[in-house]
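Spelled out, the chains give:
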Amino acid sequence: MERRARELGCVVDFPAERTSETSLEKGDKIHPSVVVVIMLGWAGCKDRYLEKYSAIYLQKGCLVIRYTAPWRLVFFSESLGIKSMQTLAIKLLKLLFDYKVETNPLLFHVFSNGGFMLYRYIVELLHTRQQFQHLRVVGTVFDSAPGRKNLRGAIRALSVVLASYNVCIKYFLLLSFAVLVVTLRIVLYPMTRFIHESHYEAMLNQPSKWPELYFYSKADSVILASDIEDMVQARRQNQVLVKTVDFVHSDHVSHLREYPTSYATHCISFMYSCIESTSH
């Protein structure tokens, strides 16, 4: 079971008082009531950043799977309409079977558009692949997502990802990305819009009905608050139970850092409400 996780580059975290991976290999099982949280990080996110979010759920006895898709796929492959993250989504869901938690309640925690792109493919798989249709998703938390195509915000996000790169390489990649997006949007989009639906458009009317919680802020410099509010309105029109928290002053994926107590309280309260609503 560890092999697939290692190949994918994800981290599986067990709460200290629960079954460990070593004991699982000896035949022990994770109790079916344990909530499995899948965290999908933002582009360029390092696992040590997600550890802080994991702690919220681990102390409540959850099993946490953390994964961040390569930023090159987020900014380049997906911009070209190449569904390169679809395979990652399949591998990630298969991990649930590896760890024998495919019948446990499942909660997603999705960060920025990098996590949202991967989540889009996961939702599609949950409704189209027979292998995954019985997975029991109880809810999804969105942090600073989703956003429509926003070139300025995307360049700002990519610039943060490339902060440690050589200056020449950094600006070459930023320029290449800008040219790619502008070319696709102005020249090719009118001809391919019905073939290459954006992730945002694809998710406006997606069929999932489990509850959703949106963390966002009008001070977000990458994702427009209006994009998230439009998605919330569309989901509510589809009879989805949606909760929102506007932190007002915190920047992109910085809500936990600025409001740690409030953020954690909302996460746990939402998780328990999701479990309670599915138990009736």
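Think of each chain on its own: its residues are numbered from 1, step by step along the sequence as written. Reporting of local features is limited, given that this is a predicted model, to residues whose pLDDT is at least 70; pairs of side-chain atoms are given and counted only at 80 or more, and all residues count toward the totals for whole chains, interfaces and linings. Only heavy atoms go into the side-chain values, all of them from the structure, while hydrogens and water stay out.

Caption draft 1: The arrangement of the pattern of salt bridges in detail. Here, a salt bridge means any Lys or Arg side-chain nitrogen found within 4 Å of an Asp or Glu carboxyl oxygen. Tallied over the entire structure, the rule returns 10 salt bridges. The partner of Glu-229 in a salt bridge is Lys-218, and the shortest N-O contact between them spans 3.3 Å. One end of the pair, Glu-229, is in helix α10 (residues 225–237); the other, Lys-218, is in the loop between β6 (212–216) and α10, and 11 residues separate them in sequence. Only protein chains enter the accessibility calculation, which uses a 1.4 Å probe; a residue whose area is less than 20% of its type maximum is buried, one above 50% is exposed, and one in between is partly exposed. On the accessibility criterion, Glu-229 (30% relative accessible area) is partly exposed. Judged by its relative accessible area of 55%, Lys-218 falls in the exposed class. The residue Glu-258 makes a salt bridge to Arg-257 at a minimum N-O spacing of 4.0 Å. What makes Arg-257 exposed here is its relative accessible area of 62%. Through salt bridges that share partners, Asp-13, Asp-47, Glu-51 and Arg-66 make up one connected network. By definition, any uninterrupted DSSP run of H or I lasting at least four residues is a helix, any uninterrupted run of E lasting at least two residues is a strand, and each is numbered from the N terminus.

Caption draft 2: Quick look at the nonpolar core. To qualify as a nonpolar core, a set must consist of buried Ala, Val, Leu, Ile, Met, Phe, Trp, Tyr and Cys residues joined through side-chain atoms within 4.5 Å. Ranked by size, the top nonpolar core spans 61 residues in total, and within it Ile-65, Leu-92 and Tyr-119 carry the most contacts. No other element matches the nine residues that helix α6 (residues 112–128) contributes to this core. Residue contacts follow a heavy-atom distance rule, with two residues in contact if any of their heavy atoms lie within 4.5 Å. With near-sequence residues (within four places) excluded, Tyr-119 lies in contact with Leu-40, Phe-108, Val-110, Thr-140, Phe-142, Met-203 and Trp-210. Core analysis: the second largest hydrophobic core is formed by 29 residues, Tyr-53, Val-141, Tyr-263 and Met-271 among them.

Caption draft 3: Examining the confidence of the model for the protein chain more closely. Known as pLDDT, the predictor's per-residue confidence is scaled from 0 to 100. Taken over all residues, the pLDDT of the protein chain has a mean of 84, while the share at 70 or more is 76%. Note on residues 191–195: pLDDT under 50 across the span, and zero contacts to partners over four residues away in sequence or across chains.

Caption draft 4: View of α10. Helix length check: α10 (13 residues) gives 19 Å between terminal C-alpha atoms against 18 Å at 1.5 Å per residue, within 8%. Along α10, the positions that sit buried rather than exposed are Ala-225, Asp-227, Ile-228, Met-231, Val-232, Ala-234 and Arg-235. Summarising the contacts, the buried residues of α10 are in contact with α6, α9 (199–204), β6 and β7 (242–246). Phi turns positive, to about 65°, at Gln-239, one or two residues after α10. Multiplying 1.5 Å by the residue count of a helix minus one yields the expected span of that helix.

Caption draft 5: Focus on the side chain of Asp-143. By the element assignment, Asp-143 lies in strand β5 (residues 136–143). Despite being buried, Asp-143 has no salt bridge partner; Arg-257 is the closest side chain of opposite charge, sitting 10 Å away. Note that His is not counted, nor are the chain ends; the positive residues are Lys and Arg, and the negative ones are Asp and Glu.

Caption draft 6: Fine view of the pairing of β7. We call two strands paired when DSSP finds no fewer than two bridges between them. Pairing of β6 with β7 involves five bridges; the strand directions are parallel. Paired with Tyr-216 across the two strands is Asp-246, which belongs to β7. We call a crossover right-handed when, viewed with the strands running away from us, the connection from the first strand over the helix to the second turns clockwise. Once the chain exits β6 it traverses α10 before rejoining the sheet at β7, and the crossover so formed is right-handed.

Caption draft 7: Structural context of the packing of helix α5 (residues 86–98) against α6. Contact geometry of α5 with α6 gives a least axis separation of 9 Å together with a crossing angle of 65°. Crossing geometry of α5 relative to α6 is assigned as right-handed. In contact with Gln-86, Leu-88, Ala-89, Ile-90, Leu-92 and Leu-93 of α5, α6 contributes Leu-118, Tyr-121, Ile-122, Glu-124, Leu-125 and Leu-126. Helix axes are fitted to C-alpha atoms over the stretch in contact, other axes to C-alpha atoms as well, and angles between N-to-C directions run from 0 to 180 degrees. Handedness of a helix crossing follows the sense of rotation of the near helix relative to the far helix, less than a right angle counterclockwise being left-handed and clockwise being right-handed.

Caption draft 8: The arrangement of the sheet that holds strand β4 (residues 105–111) in detail. Taken in spatial order, the seven strands of this open sheet run β1-β3-β2-β4-β5-β6-β7, and their pairing is mixed. Among the strands making up the open sheet, the edge pair consists of β1 (11–13) and β7. On average, each strand axis in the sheet is inclined to that of its neighbour by 15°, with strand direction left out of account. Helix-sheet contacts for α5 involve β2 (36–40), β3 (63–67) and β4, and the interaxial angle to β3 is about 160°.

Caption draft 9: Representation of the packing of aromatic side chains. Put simply, two rings from Phe, Tyr or Trp (the six-membered ring, in Trp's case) pair if the centres are within 6.5 Å, and we call them stacked under 30 degrees between planes, edge-to-face over 60, tilted for the rest. Under the criterion given, the structure shown has 15 aromatic pairs. Measuring from centroid to centroid gives 6.2 Å for Phe-14 and Tyr-99, while their planes differ by 55°, and the two rings are tilted. Within this pair, whereas Phe-14 is found in the loop between β1 and α2 (21–25), its partner Tyr-99 is found in the loop between α5 and β4, the two being separated by 85 residues in sequence. Here Phe-14 and Tyr-99 have matching classes, each one buried. Linked through ring pairs, Trp-42, Tyr-49, Tyr-53, Phe-111, Phe-215, Phe-247, Tyr-259 and Tyr-263 together constitute an aromatic cluster.

Caption draft 10: Spotlight on the pairing of β4. Judged by how many residues are buried, β4 sits mostly within the fold: seven of seven residues are covered. Every second residue of β4 is oriented toward a common face, with Pro-105, Leu-107, His-109 and Phe-111 on one face and Leu-106, Phe-108 and Val-110 on the other, all of them buried. Bridge count for β2 against β4 is five bridges, and the pairing is parallel. Considered in β4, the bridge of Met-39 is made with His-109. As judged from the seven bridges shared by β4 and β5, these two strands associate in the parallel manner. Across the sheet, residue Pro-105 finds its bridge partner in β5, namely Arg-136.

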